[in-house]
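# Per-entry structural report
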Amino acid sequence: MKDYKYQISSFLLCLILGSISLYSQEAPTKDFELWNAVGIDYSVSKKFKISLSEHLRLKENAQTTDAYFTELSLEYELFKDFEIGVGFRHITKNDNQGAKQGFEDHFRYNVDLSYKYDINRFTASHRLRYQNKNQLGVDEADGDLTSQGVRVKSGLKYDFKNSPFTPSFSLEIFNKFTKNDTFKISTYKTSKYRLTYGLSYKWDEVGKFRLFYRRENNIIEKQPKNVNILGLNYVYSIN
């Protein structure tokens, strides 16, 4: 069983690293962003958890609001080490590019399948996510094209003995559905990837704080973009 777990981890990490090396040759633009979030988790049972969180993201060297949104997510453990989850976001997005600018309302939902397991003091995790997003109040005739795709994420965290600190690392690739007008079909195309380094601190009876640095590279844009992201999250859990 352990050999099987190692093979899954190695395959997914190689897949992501291969995607990174394939698309990292462009000369991109750069930006720095701040991502902040505060949330609450409620464990309905040992298998079922509900989470609610508020998020604020700043762009253009953290001087301009990029988006703020509310997220509701549900997670259920199907059986040992396997979980299914759904998430819903109401997003207010600041579109400050082009002729028509202003804050726009979007709705996004996602469906997740997750698998995690322990290797000594390490915990490895893998997640497959389908997501779908569209702008509210605007139909396709007015330019609202539904954005949908699949994301693959693999992560690793380490549990220090008798320590409240937990370091982590993850790699994630994003695949968009792109329409082929000739054959009228949709295909996958890698659109961006993320590398994240995090450090969590669990404070008893107060909650969990997480500081992370994230590198995000957009790949299929007309002008590729590299984004450096610094984030701070706080979650209070009700068991």
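These numbers were taken from a predicted model, which means no experiment stands behind them. (Residues numbered from 1 in each chain as written. Predicted model: local features only at pLDDT ≥ 70, side-chain atom pairs only at ≥ 80, totals over all residues. Heavy atoms only, no water.)

## Points about the pairing of strand β1 (residues 29–43)
Across 14 bridges, β1 lies against strand β11 (residues 225–238) in parallel orientation. Residue pairing for β11: Thr-29 is matched across the bridge by Lys-225. Note that β1 and strand β2 (residues 48–59) share ten bridges and pair antiparallel. What sits directly across from Leu-34, in β2, is Leu-58. (Pairing = 2+ DSSP bridges. Helix = DSSP H or I, 4+ residues; strand = E, 2+ residues; numbered from the N terminus.)

## With respect to the side chain of Arg-194
If you trace the backbone, Arg-194 turns up in strand β9 (residues 185–203). Judged by relative accessible area, which is 10%, Arg-194 ranks as buried. At 2.5 Å, the side chain of Arg-194 forms a polar contact with the side chain of Glu-216. When sequence neighbours within four positions are dropped, the list of residues in contact with Arg-194 reads Trp-35, Arg-151, Ser-170, Leu-171, Glu-172, Phe-174, Arg-214, Arg-215 and Glu-216. (Buried < 20%, exposed > 50% of the residue type's maximum accessible area, 1.4 Å probe, protein only. Polar contact = N/O pair within 3.5 Å; in protein donor to acceptor, adjacent residues only side chain to side chain. Contact = heavy atoms within 4.5 Å.)

## Describing the packing of aromatic side chains
What characterises a pair of aromatic rings is the spacing of the ring centres plus the angle enclosed by the ring planes. As enumerated under the stated definition, the model contains 13 aromatic pairs in all. Measuring from centroid to centroid gives 4.9 Å for Phe-165 and Tyr-201, while their planes differ by 45°, and the two rings are tilted. You can see Phe-165 sitting in strand β8 (residues 165–180) and its partner Tyr-201 sitting in strand β9, a full 36 residues away along the chain. Judged by its relative accessible area of 29%, Tyr-201 is partly exposed. Members of the aromatic cluster, each reached through a chain of ring pairs, are Phe-79, Phe-82, Tyr-115 and Tyr-117. It is Arg-57 that lies over the ring of Trp-35; its NZ or CZ is 3.6 Å from the centre. If you follow Lys-192 out to its NZ or CZ, it ends over the ring of Phe-174, 4.8 Å from the centre. (Phe/Tyr/Trp six-rings, centres within 6.5 Å; stacked < 30°, edge-to-face > 60°. Lys NZ or Arg CZ within 6 Å of the ring centre and 35° of its normal.)

## Comments concerning unusual backbone geometry
The backbone of Ala-62 shows a phi angle near 60°, a positive value even though the residue is not glycine. Checked against the element boundaries, Ala-62 lands in the loop between β2 and β3 (64–79). You will see that Asn-162, though not glycine, has its phi angle at about 60°, which is positive. Under the relative-accessibility criterion, Asn-162 is labelled exposed at 76%.

## A word on the confidence of the model for the protein chain
Residue-level pLDDT values for the protein chain average 84, and 79% of them are 70 or greater. Low confidence marks residues 21–26, where pLDDT is under 50. Its contacts with residues over four positions away, or in another chain, come to four contacts. (pLDDT = per-residue confidence, 0-100.)

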